[in-house]
Amino acid sequence: MQAMVDSSWIPSAVGMILIATAIMVLISRHTARVRARVSADAQRVQLLNDIPSELRFRVYERDSYTCQRCGDSRDLLVDFVDDPPADDQVQLRQLITRCVRCTAITRQSGIID
Ligand SMILES: [Zn+2]
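Note that the structure is predicted; figures quoted are calculated from it, not measured.

**What to know about the overall build of the protein chain**
Right, so step 1: The helix and strand inventory of the protein chain stands at three helices and two strands.
Right, so step 2: Along the protein chain, helices (α) and strands (β) appear in the sequence α-α-β-β-α when read from the amino end.
Right, so step 3: Radius of gyration (C-alpha) of the protein chain: 25 Å, far over the 13 Å computed for a compact globule of 113 residues.
Right, so step 4: Along the first, second and third principal axes, the C-alpha set of the protein chain runs to 90 × 30 × 15 Å.
Right, so step 5: In the protein chain, buried positions account for 10% of the 113 residues.

**Some details on the pairing of strand E2 (residues 95-99)**
Along a regular strand, successive side chains alternate from one face of the sheet to the other.
Right, so step 1: Burial of E2 is extensive: five of the five residues sit out of reach of the surface.
Right, so step 2: Burial along E2 is two-sided: the residues Leu-95, Thr-97 and Cys-99 and Ile-96 and Arg-98 are all buried.
Right, so step 3: In this sheet, E2 lies alongside strand E1 (residues 76-80) in antiparallel orientation, the contact comprising five bridges. The residue of E2 that forms the bridge with Phe-80 is Leu-95.

**Focus on the domain arrangement of the protein chain**
Right, so step 1: Domain parsing of the protein chain yields domain 1 (12-50) and domain 2 (52-113).
Right, so step 2: Taking only C-alpha atoms, the centre of domain 1 and the centre of domain 2 are 29 Å apart.
Right, so step 3: When its residues are assigned to classes, the side of domain 1 that touches domain 2 shows two nonpolar, one polar and one charged.

**Here we look at the environment of Glu-61**
Right, so step 1: Turning to its location among the elements, Glu-61 is positioned in helix H2 (residues 53-62).
Right, so step 2: For the pair Glu-61 and Thr-97, spaced 36 residues apart in sequence, the C-alpha separation works out to 9.5 Å.

**Comments concerning unusual backbone geometry**
Right, so step 1: Its identity is not glycine, yet Ser-64 carries a phi of approximately 55°, on the positive side.
Right, so step 2: Within the fold, Ser-64 resides in the loop between H2 and E1.
Right, so step 3: A positive phi angle, near 55°, is found at Tyr-65, a position not held by glycine.
Right, so step 4: Looking at where Tyr-65 falls in the secondary structure, it is placed in the loop between H2 and E1.

**Digging into helix H1 (residues 13-49)**
Given 3.6 residues per turn, any residue in an α-helix points the same way as the ones three and four places further on.
Right, so step 1: Helix length check: H1, at 37 residues, gives a terminal C-alpha distance of 54 Å against a target of 54 Å (1.5 Å per residue), a fit within 8%.
Right, so step 2: Across the 37 residues that make up H1, only a small minority, zero, are buried.

**Overview of the confidence of the model for the protein chain**
Low pLDDT marks regions whose predicted coordinates should not be analysed in detail.
Right, so step 1: Confidence along the protein chain averages 88 in pLDDT terms, with 92% of residues attaining 70 or more.
Right, so step 2: Per-residue pLDDT, averaged within each element of the protein chain, yields its smallest value for helix H3 (residues 100-109) (86) and its largest for H2 (97).

So, how was this worked out
- Residues numbered from 1 in each chain as written.
- Predicted model: local features only at pLDDT ≥ 70, side-chain atom pairs only at ≥ 80, totals over all residues.
- Helix = DSSP H or I, 4+ residues; strand = E, 2+ residues; numbered from the N terminus.
- Rg over C-alpha atoms; globule rule 2.2 N^0.38 Å.
- Buried ≥ 20, exposed ≤ 12 C-beta atoms within 10 Å, placed from the backbone.
- Pairing = 2+ DSSP bridges.
- Domains from an automatic or database assignment.
- Nonpolar A, V, L, I, M, F, W, Y, C, P; charged D, E, K, R; others polar.
- Expected span 1.5 Å × (residues − 1).
- pLDDT = per-residue confidence, 0-100.

Take a look at the structure:
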């Protein structure tokens, strides 16, 4: 008596190549997204570093030296309210005071205040 084995679920060689190709395409797209994000973060940090100290001081003054997300007054940073401006002209209204913790949370979640 011949054993009844259902082999229909085993992918063919062509099927496996298609699956492998699809996985490689997904990995490649993910890598491109991560690279773009790292590049954007580096650009953001560079732009923030380039903010003149006088403008930075005006942001802290306007925001009364408190994080505009949680109200803490320790470990403050100046950050962009939204995405960094396309041009180099950073305006006061584009900047906000946040603490280190809220800056990290805001950037990770993509939340815009
Ligand atoms: Zn905060």
